[in-house]
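As a plain string of letters, each chain reads:
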Amino acid sequence: MRKITTIIALAVLSFSSIGCDRFLDIQPEGKIIPTTVDDYRKVLTSAYSKYPVHRSLTALRTDEMSIDENTSDFISYREIAMWKDSNTDQATTEFPWVSFYSVVFYLNQIINEGSKTMADSPEKNQILAEAYALRAYVYFDMVNLYGKPYNSATAASDRGVPINLEIDLEKVLKPASVQEVYDQVHADIDKAEGLMIEEKQPLGINYRFSKAGLNALQARTALYQSDWNQALHYSNQALAIKGDLSDLNTTSTAPNHYASVESIVALDNAFNSSVQNLSFASSELLSKYNSTTDKRFALYFEKNGSKYKVIKGGSSDFRVSFRTAELYFIKSEALVKLNRLNEAKETLLKVLKNRYTPAGYTVVQSEINAMDDTEFMSFILDERFREFALEGQRWFDLRRTNQKKITHTINGQDYILQQNDVRYTIEFPQSARKNNPFL
């Protein structure tokens, strides 16, 4: 019986990396075992470089886009847009599995071995902090892809994903509960918090975690767990380090660009070129914008015949995992839930002043001032739809909120994701289940 850990090891051995394939301590013969901070920085860089491109795939399941049936890649992605997770065509692209655990393999190597062999130094602490932070992010992403949305009443019994903290080729991986995975996320975050040196990362290496990035991850985790006090606390912590907003009235740089003043962690390829090329912005998404006063519209979309292409992604320049605008949104939502409506409005208006023309902002401000808490909460979710379009946030927002009904028309046939459909939780990939009977 082939165990998934063996597959992970073989996959790791077969992957190319950024100059550090020789730093793999699986079969030491012919390999150099990493010992120094320089060695382990290369291992960590490789882990970052292999982070899976999964957020692009989730976009195919949302109400953000429609699929172009006339592209050569259509057959690879159509079943994702149909929410068909089982008995898929062999040509269908799978959501990542082994690639997540290959990243974990590198991180476990750093955490378990690097902690012993690297000489004590601030550089060692920073490397270990980033390894813990990135491992927390891996499991956070995986449990939100393959586990049910967090519910404190059922999380202890809801199936999550396997947790592997060791370098053990014979270990059989069985799914932990959603609660256990979140507990591991928090444990790794706590470790990272005690070791992290860098307040924020400079442009060019801002794919790496920092204190600001770690606080942003903590804020998002709290948001998904509906822990409003913690969501407020960590969004404030992150904004105290980096609170810049991109003023779209004065700059043409998209706020999700890695060089934007908003960038905190620029790791995920959230809307890759393959998905960009076979999709158009949905009519529902486009209808949410005022194309005259909303400055995001021209930065995000480009007219293509009778439709619009999404232009806020498609290259590594648009890698984005965390940016400051999200923290203002998290803070505003938390404040609403904590019955601090006026503060919530003030917080979100700071973002919107940088998104609308002056005249448009005046109108939006007046509308917001008249809203009660229910109306404003609905407005926040609509603004999240506009702000984070095709950044890999929408699927997770839908999961944690109303799990709305969505209809996709493909080859003239309607495919429907019903409200609260079980398919809001993605099944483990077929290849993973084939190779591990415990999944």
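Per chain, the residues get numbers from 1 upward, laid out in the order the sequence is written. Reporting of local features is limited, given that this is a predicted model, to residues whose pLDDT is at least 70; pairs of side-chain atoms are given and counted only at 80 or more, and all residues count toward the totals for whole chains, interfaces and linings. Only hydrogens and water are set aside when side-chain values are computed; all heavy atoms of the structure are taken into account.

Novice: What exactly am I supposed to notice about the overall build of the protein chain here?
Specialist: The helix and strand inventory of the protein chain stands at 18 helices and ten strands. Just to be clear, the radius of gyration here is over C-alpha atoms, and the globule rule we use is 2.2 Å times residues to the power 0.38. Its C-alpha radius of gyration of 22 Å places the protein chain within 12% of the 22 Å reference for a compact globule of 439 residues. Reported as C-alpha extents along the three principal axes, the dimensions of the protein chain are approximately 65 × 50 × 40 Å. Note on classification: 1.4 Å probe, protein chains only; a residue is buried when its accessible area is under 20% of the maximum for its type, exposed when over 50%, partly exposed between these limits. Counting over 439 residues, the protein chain shows a buried share of 57%. The long-range share in the protein chain, meaning contacts at least 24 apart out of those at least 6 apart in sequence, stands at 71%. Per-residue accessibility takes into account occlusion by the displayed protein chains alone, with areas from the Shrake-Rupley method and a 1.4 Å probe. Only carbon and sulfur atoms are counted for the fraction: they give 46% of the accessible area of the protein chain, which is about 17700 Å². Charge convention: Lys and Arg are scored as positive, Asp and Glu as negative, and His as well as the terminal groups of each chain are ignored. Each charge is placed at NZ for Lys, CZ for Arg, CG for Asp and CD for Glu. When the 50 basic and 55 acidic side-chain charges of the protein chain are each reduced to a single mean position, those positions are 1 Å apart. Runs of E in the DSSP output that reach at least two residues are strands. Runs of H or I that reach at least four are helices, and both are numbered from the N terminus. Here a residue-residue contact requires only that any non-hydrogen atoms of the pair lie within 4.5 Å.

Novice: Is there a simple way to think about the packing of helix α7 (residues 178-195) against helix α8 (residues 211-224) in this case?
Specialist: Each pair of packed helices gets described by two things: the angle between the helix axes and the distance between those axes. Helix axes are fitted to C-alpha atoms over the stretch in contact, other axes to C-alpha atoms as well, and angles between N-to-C directions run from 0 to 180 degrees. In the contact formed by α7 and α8, the axes pass within 11 Å of each other and the chain directions differ by 155 degrees. Viewed along their axes, α7 and α8 adopt a mutual orientation that is roughly antiparallel. The crossing of α7 and α8 is left-handed. Here Y182, V185, H186, I189, A192 and E193 of α7 come into contact with α8, specifically with L214, L217, Q218, T221 and Y224. By the convention adopted, Pro, Cys, Tyr, Trp, Phe, Met, Ile, Leu, Val and Ala count as nonpolar, Lys, Arg, Asp and Glu as charged, and the other residues, Gly among them, as polar. Classifying every residue of the contact of α7 with α8 gives seven nonpolar, three polar and one charged. Oblique is the label for any angle not covered by the other classes, which are roughly parallel (under 35 degrees), roughly antiparallel (over 145) and roughly perpendicular (65 to 115). Crossings are sorted by hand: turned counterclockwise from the far helix by less than a right angle, the near helix makes the crossing left-handed, and turned clockwise it makes it right-handed.

Novice: What's the story with the environment of E333 in this structure? I'm lost.
Specialist: Inspection of the secondary structure puts E333 in helix α13 (residues 324-337). Its relative accessible area of 2% is what places E333 among the buried residues. Remark: the alpha-carbon pair of E333 and S121, spanning 212 residues in sequence, is separated by 40 Å. Excluding residues within four positions of it along the chain, E333 makes contact with L223, W228, M377, I380, L381, R384 and R400.

Novice: Is there a simple way to think about empty space enclosed by the protein in this case?
Specialist: To locate leftover empty space, one rolls a probe as large as a water molecule over the atoms. Residues are said to line a cavity or pocket when one of their atoms sits within 4 Å of a point; the points come from a 1 Å grid over protein atoms alone, cavities being sets where a 1.4 Å probe fits but cannot get out and pockets being open sets with protein on both sides within 12 Å along at least five of seven lines. Grid points are joined across faces, edges and corners, and a volume is the space filled by probe spheres set on the points. Per the stated rule, a full pass over the model turns up three cavities of 30 Å³ or more. Put simply, the largest cavity is a space of about 160 Å³. Per-class residue counts for the lining of the largest cavity are six nonpolar, four polar and five charged.

Novice: I keep staring at the pairing of strand β7 (residues 307-310) and nothing clicks. Help me out?
Specialist: Along a regular strand, successive side chains alternate from one face of the sheet to the other. Here a strand pair is declared whenever DSSP counts at least two bridges between the two strands. Sheet analysis places strand β6 (residues 301-304) next to β7, joined by four bridges and oriented antiparallel. Along β7, the bridge assignment pairs F301 with V310.

Novice: Would you mind showing me how to read α7 here?
Specialist: For α7, with 18 residues, the first-to-last C-alpha span of 26 Å sits near the 26 Å given by 1.5 Å per residue. All of the buried residues in α7 are V178, Q179, V181, Y182, Q184, V185, D188, I189 and A192. Here the expected length of a helix is defined as 1.5 Å per residue gap, with one fewer gap than residues.

Novice: I keep staring at the environment of Y101 and nothing clicks. Help me out?
Specialist: Relative to the helices and strands, Y101 resides in helix α5 (residues 98-117). Judged by relative accessible area, which is 1%, Y101 ranks as buried. Sequence spacing of Y101 and S279 is 178 residues, and the spatial spacing of their C-alpha atoms is 29 Å.

Novice: Sorry, what's going on with helix α15 (residues 358-369) here?
Specialist: One turn of the α-helix equals 3.6 residues, which is why residues spaced by three or four share an orientation. The end-to-end C-alpha distance of α15 is 16 Å, a good match for the 16 Å that twelve residues give at a rise of 1.5 Å each. All buried positions along α15 are accounted for by G360, Y361, V364 and I368. Taken down its axis, α15 places every buried residue within 95 degrees of arc, on the same side. Seen from the open side of α15, the exposed residues pointing more than 90 degrees away from its buried face are P358, A359 and N369. In this structure, the buried side of α15 is in contact with α14 (341-352) and α16 (373-387). Arc definition: it is the arc formed by the directions from the helix axis to the C-beta atoms.

Novice: How do you make sense of unusual backbone geometry when you look at a structure like this?
Specialist: At N411, a residue that is not glycine, the phi angle is positive and equals roughly 55 degrees. Of note, N411 is situated in the loop between β9 (406-410) and β10 (413-417). The backbone of N420 sits at a positive phi, close to 60 degrees, despite the residue not being glycine. Locating N420 in the fold gives a position in the loop between β10 and α18 (430-435).

Novice: So what exactly am I meant to see when it comes to the packing of α5 against helix α6 (residues 122-146) here?
Specialist: Two numbers describe how α5 lies on α6: the axes approach to 9 Å, and their chain directions differ by 150 degrees. Taken together, α5 and α6 sit at an angle that is classed as roughly antiparallel. In this structure, α5 meets α6 at a crossing whose hand is left-handed. Taken together, the residues of α6 that come into contact with α5 (itself represented by F100, Y101, V103, V104, L107, N108, I110, I111, G114 and S115) are K124, I127, L128, A131, Y132, L134, R135, V138, Y139, D141, M142 and L145. Among the residues forming the contact of α5 with α6, the class breakdown is 16 nonpolar, three polar and three charged.

Novice: Got a minute to help me understand the confidence of the model for the protein chain in this structure?
Specialist: Note: predicted coordinates in regions of low pLDDT should not be interpreted at a detailed level. pLDDT measures how confident the predictor is about each residue, on a scale from 0 to 100. Looking at the protein chain as a whole, the pLDDT averages 92, with 92% of positions reaching at least 70. Note on residues 1-30: pLDDT under 50 across the span, and 65 contacts to partners over four residues away in sequence or across chains.

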